[in-house]
Amino acid sequence: MSDTPRPAPVYHLTPGRWPTILFLPGYASDMTGAKALAIEAWAQTQGRACLRFDYGGCGKSAGDFADQRLVDWRDDVLAMIDLVTGPVVLVGSSMGGWLMLLAALARPERVAALVGIAAAPDFTDWGFTTDEKMVILSEGRLERPNPYGPAPTLYTRPFWASGEAHRLMSGTIAIDVPVRLIHGMLDPDVPYLRSVRLAELLRSADVQTLLVKDGDHRLSRDRDIALILRTIEELVA
């Protein structure tokens, strides 16, 4: 990788009271999704600080998506934490749930609480078949049909290797802040038992897993978003 400094992510900051709510999108997503905008709108009504942003190579942020690694996006999250003052509550969706854990481990003094929405830590390990992993390793890239958009989803060897180097689910995860894990039981992408196992591994005693029986992966219906907002509100109260 080049020693050239990484471009700063493009972000939108709503000023307000601490803790700042920081939304972490999922893989190949951006800061304009329904959950990010709903959280920002709620924060504005509460006079609460909120920050949403795009990872490098995503949305409006500079960079080529194919060049990005998991560790690069973790560093983008850390840059956003360092941008603001005071404590932060990280809200991570899907892959963002993996990044929120990595960021909490790197900035334990700054992170006040975590909210995972279909959190997907270690998905480079369990989210691909053996054949798909071989394609990534041999060809350097894998494209999958995208159920959420017209363009296929790209996975690269650098991203996959970075993910494998930052797996967390092999033992106790040294995070001690309150954690809430929200997961749809009909999630076709991230099995809800991943959140149950994550709850077991987190060192914090203040961990709750909230299962939505008819919920899908995105959890973007009005009632899903209402649950997410209630969960955030209880944590910051």
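The structure we're discussing is the one just above.
Below, the structure is looked at part by part. Here the structure is a predicted model, which is why all the values come from computation and not from measurement. (Residues numbered from 1 in each chain as written. Predicted model: local features only at pLDDT ≥ 70, side-chain atom pairs only at ≥ 80, totals over all residues. Heavy atoms only, no water.)

**Some remarks on the overall build of the protein chain**
Keep this limit in mind: Helix and strand definitions follow DSSP, with helices as H or I runs of at least four residues and strands as E runs of at least two, each counted in order from the N terminus. Only the C-alpha atoms count toward the radius of gyration. The rule for a globule is 2.2 Å times the residue count to the power 0.38. Each residue is placed in one exposure class: buried if its accessible area under a 1.4 Å probe, protein chains only, is under 20% of its type's maximum, exposed if it is over 50%, and partly exposed if it falls in between. What makes two residues a contact is simply this: any of their non-hydrogen atoms within 4.5 Å.
Per the secondary structure count, the protein chain includes eight helices and nine strands. Expected size for 237 residues packed as a compact globule is a radius of gyration near 18 Å; at 17 Å, the protein chain falls within 12% of this value. Along the first, second and third principal axes, the C-alpha set of the protein chain runs to 50 × 40 × 35 Å. Within the protein chain, buried positions represent 52% of all 237 residues. Of the contacts formed within the protein chain by residues at least 6 apart in sequence, a portion of 73% connects residues at least 24 apart.

**Overview of the side chain of Arg180**
Convention followed: Nitrogen and oxygen atoms within 3.5 Å of one another constitute a polar contact, given that in protein one can donate a hydrogen and the other can accept it, and given that sequence-neighbouring residues count only through two side-chain atoms.
Looking at the secondary structure, you find Arg180 in strand 8 (residues 179-184). Residue Arg180 is classed as buried on the basis of its relative accessible area of 10%. Separated by 3.0 Å, the side chains of Arg180 and Asp206 make a polar contact. When neighbours within four sequence positions are excluded, Arg180 is seen to be in contact with Leu114, Val115, Gly116, Asp206, Val207, Gln208, Thr231 and Leu235.

**Digging into helix 6 (residues 157-165)**
Here helix 6 has its buried residues at Phe159, Trp160, Ser162, Gly163 and Glu164. Turning to helix 6, the residues buried within the fold contact helix 2 (70-83), helix 3 (95-106), helix 4 (123-126), helix 5 (130-139) and strand 7 (153-156). At the N-terminal end of helix 6, a side-chain oxygen is found 3.3 Å from the backbone nitrogen of Phe159, two or three residues along, and the residue is Thr156.

**Notes on the packing of aromatic side chains**
Our working rule: Classification of ring pairs rests on two measures: the distance between centres of Phe, Tyr or Trp rings, Trp counted by its six-membered ring, which must be within 6.5 Å, and the angle between planes, read as stacked under 30 degrees, edge-to-face over 60 and tilted in between.
Applying the stated criterion across every chain, the model contains 13 aromatic pairs. Aromatic pair Phe123 and Phe159: ring centres 6.0 Å apart, planes at 35°, arrangement tilted. Of this pair, Phe123 sits in helix 4 while Phe159 sits in helix 6, and the two are 36 residues apart along the sequence. By the burial criterion, Phe123 is buried, and Phe159 matches it. Each member of the aromatic cluster is reached from another via a ring pair, and the members are Tyr27, Phe53, Tyr55, Phe65, Trp73, Trp98, Phe123, Phe128, Tyr155 and Phe159.

Keep in mind that these numbers describe shape and distance, not what the molecule does.
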